[in-house]
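# Coordinates in review
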Amino acid sequence: MSARLLYVMDPMCSWCWGFAPVAEALIAQASAAGIATRLVVGGLRSGGSALDVSTRKYILEHWQAVQDATGQAFRFEGAMPDGFVYDTEPACRALVTARELDEARMWGLLTLIQASFYEQGVDVTRAPQLVELAVQAGFKRDVFAQRFASHDTRSATAADFTWAQDLGIAGFPTLLAERNGQLALLTNGYQSFESLQPLLGRWLQQAACA
């Protein structure tokens, strides 16, 4: 019997930042039962042009709603300054790079990317910033930078995006439970730990009995 969780998210998705403490608790719950979690990057926005005033205003209002609903902290002043291109591909690719080099350290890098962007206003669309965060997470600078820029890592990131799209996943965060190749949806969108913990608990019991 093979079983695992699949956490489909984007590090620059505000609801994923709001969900971060819930995800951490659920991943720990699964790990305690011997079930690993694989991170899949969904690709919220790829490419694009600089934000205009109305789009920035809309996004910041969305951030406010996430903060109100989840209690996660956001820095609004100076966020996404003039010329900012909301391209999530580089941050997603940084996580794929980390996943391939050292999956255990990848989770720490995810936290650093999210907190840097939402709490500190760091531009995590830029490669130098992402490499610096990777170093803070324990990766070797040159090794990470080289792998991050490689064609293979770009292809692996695009493959994650395609996998999520092919499953029809249109919103993040999404948490899936996989057992013997069969997928069960635990959540598509933010839910509290209190609502998801028993649902995951029942699935873990079933997985243990399979």
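Check the entry above for the structure.
Below: a short report on this structure. (Residues numbered from 1 in each chain as written. Predicted model: local features only at pLDDT ≥ 70, side-chain atom pairs only at ≥ 80, totals over all residues. Heavy atoms only, no water.)

### Thoughts on the nonpolar core
The nonpolar side chains of a soluble globular protein tend to be buried, and buried together. One finds Trp-63, Tyr-86, Leu-95, Leu-109, Ile-113 and Phe-144 to be the most contacted residues of the largest nonpolar core, which totals 64 residues. Contacts of Phe-144, omitting those with residues within four sequence positions, involve Ala-94, Thr-97, Ala-98, Leu-101, Leu-109, Leu-130, Val-131, Ala-134 and Phe-139. (Core = buried A, V, L, I, M, F, W, Y, C linked by side-chain atoms within 4.5 Å. Buried < 20%, exposed > 50% of the residue type's maximum accessible area, 1.4 Å probe, protein only. Contact = heavy atoms within 4.5 Å.)

### Observations regarding the layout of surface pockets
Empty space within the largest pocket amounts to approximately 300 Å³. As for the largest pocket, its lining consists of 20 residues, of which Cys-13, Ser-14, Leu-44, Arg-45 and His-62 are closest to the centre. Those elements that provide at least two residues to the lining of the largest pocket are helix H1 (14–32), helix H2 (53–70) and helix H7 (151–166). The biggest single contributor to the lining of the largest pocket is H2, with 4 residues. Broken down by class, the residue content of the lining of the largest pocket amounts to 13 nonpolar, 6 polar and 1 charged. Quantified by volume, the second largest pocket comes out at close to 230 Å³. Around the second largest pocket, the lining comprises 14 residues; the ones closest to its centre are Ala-20, Glu-24, Trp-107, Leu-110 and Thr-111. Looking at the lining of the second largest pocket, the element that brings in the most residues is H1, giving 7 residues. In terms of residue class, the lining of the second largest pocket is built from 10 nonpolar, 3 polar and 1 charged. (1 Å grid on protein atoms, 1.4 Å probe; cavity = no way out; pocket = protein on both sides within 12 Å on 5 of 7 lines; lining within 4 Å. Points joined across faces, edges and corners; volume = space filled by probe spheres on them. Helix = DSSP H or I, 4+ residues; strand = E, 2+ residues; numbered from the N terminus. Nonpolar A, V, L, I, M, F, W, Y, C, P; charged D, E, K, R; others polar.)

### So, the sheet that holds strand S3 (residues 174–179)
What links the strands of a sheet is backbone hydrogen bonding, and the strands pair in either a parallel or an antiparallel sense. Within the open sheet, the 4 strands sit side by side as S2-S1-S3-S4. Their pairing is mixed. In the strand order of this sheet, the two ends are held by strand S2 (36–41) and strand S4 (182–188), each with one partner. Adjacent strand axes in the sheet meet at a mean angle of 25 degrees, parallel and antiparallel pairs treated alike. Across 6 bridges, strand S1 (residues 3–9) lies against S2 in parallel orientation. Residue pairing across strands places Val-8 opposite Val-40, the latter belonging to S2. Running over the sheet, helix H3 (residues 89–101) touches S1 and S2 and is turned about 145 degrees from S2. (Pairing = 2+ DSSP bridges. Axes fitted to C-alpha atoms, helices over the stretch in contact; angles between N-to-C directions.)

### What about a nonpolar patch on the surface?
Together, Trp-163, Leu-167 and Leu-183 make up an exposed nonpolar region whose accessible area comes to about 250 Å². Within the fold, Leu-183 resides in strand S4. (Patch = residues over 30% accessible without salt bridge, like charges linked within 9 Å, V, L, I, M, F, W, Y side chains within 5 Å. Areas by Shrake-Rupley, 256 points an atom, 1.4 Å probe, with all protein chains shown as cover. Salt bridge = Lys/Arg side-chain N within 4 Å of Asp/Glu carboxyl O.)

### What about the pairing of S4?
Of the strand pairs in this sheet, S3 and S4 are connected by 6 bridges, and their pairing is antiparallel. Within the sheet, the bridge partner assigned to Ala-177 lies in S4 and is Ala-184. What sits between the antiparallel neighbours S3 and S4 is a turn of 2 residues, in which Asn-180 has the positive phi angle 50 degrees.

### Observations regarding the side chain of Gln-29
Relative to the helices and strands, Gln-29 is located in helix H1. According to the relative accessible area criterion, Gln-29 is buried, its value standing at 17%. Not counting residues up to four positions away in its chain, the partners in contact with Gln-29 are Phe-193, Gln-197, Leu-200, Gly-201 and Leu-204.

### Re unusual backbone geometry
Look at the link from Phe-172 to Pro-173: it is a cis peptide, with omega at 0 degrees. In this model, Met-80 sits at a positive phi of 50 degrees, which is unusual for a non-glycine residue. With respect to the element layout, Met-80 can be found in the loop between H2 and H3. If you check the backbone angles, Asn-180 has positive phi at about 50 degrees while not being a glycine. Looking at the secondary structure, you find Asn-180 in the loop between S3 and S4. Of the residues examined, Asn-180 reaches a relative accessible area of 47% and is grouped as partly exposed.

### Thoughts on the environment of Ile-27
Mapped onto the secondary structure, Ile-27 falls in helix H1. Each C-alpha atom, one on Ile-27 and one on Val-131, is 25 Å from the other, the two residues being 104 residues apart in sequence. Other than its neighbours up to four places away in sequence, Ile-27 contacts Thr-37 and Trp-107.

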